[in-house]
Amino acid sequence: MRQLLVIFTLFAVGYGLYYYVDYHKTRAPSPVVFDVADAPSLGEGPLCLVTFQDFLCPGCQHFHEKVYPRLKKRYILTGKVRYQVVPLAFLPGSREIAHAALAVHEVKPSSFFAYIDLLYANRGTYRGKTVEELLQEAGRIPDLSLPALQQAAISLDSRAILTRNFATAELAMQNRVATPGVFVDGVDISDYSFAEMVQYIDRKLWENRAQ
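Residues numbered from 1 in each chain as written. Predicted model: local features only at pLDDT ≥ 70, side-chain atom pairs only at ≥ 80, totals over all residues. Heavy atoms only, no water.

**A word on the overall build of the protein chain**
Secondary structure summary: the protein chain contains nine helices and five strands in total. Secondary structure elements of the protein chain, listed N to C terminal, follow the sequence α-β-β-α-β-α-α-α-α-α-α-β-β-α. In the protein chain, which comprises 211 residues, the proportion classed as buried is 43%. The long-range share in the protein chain, meaning contacts at least 24 apart out of those at least 6 apart in sequence, stands at 78%. Accessible surface for the protein chain amounts to roughly 11,600 Å². Of this, 56% is attributable to carbon and sulfur atoms. (Helix = DSSP H or I, 4+ residues; strand = E, 2+ residues; numbered from the N terminus. Buried < 20%, exposed > 50% of the residue type's maximum accessible area, 1.4 Å probe, protein only. Contact = heavy atoms within 4.5 Å. Areas by Shrake-Rupley, 256 points an atom, 1.4 Å probe, with all protein chains shown as cover.)

Here is the structure:
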């Protein structure tokens, strides 16, 4: 029995090493270096999870409502991952929404994620609204001053920010911008299933601890 246990253990270790090497050869892409230091962020951790989002994108809505809450519970709130959202605005009507979101971030960064909760929950009705109407909606969030939001919206050069964000997305995605773009420490995992995302993030956390 002991001999069988030893054989099984050696097999499991060998298979794990084979899978690890095979994964890095065939599955894991190379990291890309890009700067999103000023992007809205949530949490702190040894890994940085970056998402490029257009707030009228149905795929981004799915990610925010179905995937992000699970990642938030597992990694962000537990201090394992820093989460950042880089707003984009290339879909018709999304520039006004991105402008309002950036104004919220300018006034109170901690309310940014509560605001995009509202944006995605009302994505269908927010299309076509003016910036003023969008700011009125933001004013529903506790401790957000509507006059301060309106002043931020006037002074904010969102066009420059969004242009820079799009250029960063082009760099990260090698000129094929698609949303949501999901990156962990510069590695594109946009096409991964949730299970594969978890597997990749857990592996990176393990690698960091082993160093």
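Structure's up, so let's keep going.
**Let's talk about the nonpolar core**
One finds F55 and Y115 to be the most contacted residues of the largest nonpolar core, which totals 51 residues. Membership of the second largest hydrophobic core comes to 13 residues, among which are C48, V50, F52 and V86. (Core = buried A, V, L, I, M, F, W, Y, C linked by side-chain atoms within 4.5 Å.)

**So, helix 9 (residues 194–210)**
Under the 1.5 Å per step criterion, the end-to-end length of helix 9 is 24 Å for 17 residues, consistent within 8% with the ideal 24 Å. Here helix 9 has its buried residues at M197, V198, Y200, I201, R203, K204, L205 and E207. (Expected span 1.5 Å × (residues − 1).)

**Focus: the pattern of salt bridges**
The final tally for this structure, using the stated rule, is four salt bridges. D202 serves as the salt-bridge partner of R74, at 3.1 Å between the closest nitrogen and oxygen. Note that R74 is positioned in helix 2 (residues 58–76) and D202 in helix 9, a separation of 128 residues in sequence. With a relative accessible area of 30%, D202 lands in the partly exposed category. For the salt bridge of D143 with K108, the shortest nitrogen-to-oxygen distance reads 3.8 Å. With D143 in the loop between helix 6 (131–138) and helix 7 (146–155) and K108 in the loop between helix 3 (94–107) and helix 4 (112–121), this pair connects stretches of sequence that are 35 residues apart. (Salt bridge = Lys/Arg side-chain N within 4 Å of Asp/Glu carboxyl O.)

**A word on the confidence of the model for the protein chain**
Per-residue pLDDT for the protein chain has a mean of 87; in total, 86% of the residues score no lower than 70. Predicted confidence for residues 5–26 stays below pLDDT 50, and this span has eleven contacts to residues more than four positions away or in other chains. (pLDDT = per-residue confidence, 0-100.)

**Some remarks on the pairing of strand 4 (residues 181–184)**
Side chains G181 and F183 of strand 4 all project onto a buried face; the interleaved residues V182 and V184 project onto the opposite face, where all are buried too. Note: strand 2 (residues 47–54) against strand 4, four bridges, orientation antiparallel. The residue bridging L49 from the neighbouring strand is V184, located in strand 4. The sheet contact formed by strand 4 and strand 5 (residues 187–188) spans two bridges and is antiparallel. Among the inter-strand pairings, V184 is bridged to a residue of strand 5, identified as V187. The hairpin turn running from strand 4 into strand 5, its antiparallel successor, is two residues long, and D185 in that turn takes a positive phi close to 50°. (Pairing = 2+ DSSP bridges.)

**Details of unusual backbone geometry**
Most peptide bonds take the trans configuration, and most residues that are not glycine carry a negative phi. Cis peptide bonds are those with omega within 30 degrees of zero, and the linkage from T179 to P180 qualifies with -5°. Structurally, P180 can be placed in the loop between helix 8 (158–172) and strand 4. At N175, a position not held by glycine, the phi torsion is positive, near 70°. Among the secondary structure elements, N175 is positioned in the loop between helix 8 and strand 4. N175 sits in the exposed class, given a relative accessible area of 62%. In this structure, D185 is a non-glycine residue whose phi angle is positive, near 50°.

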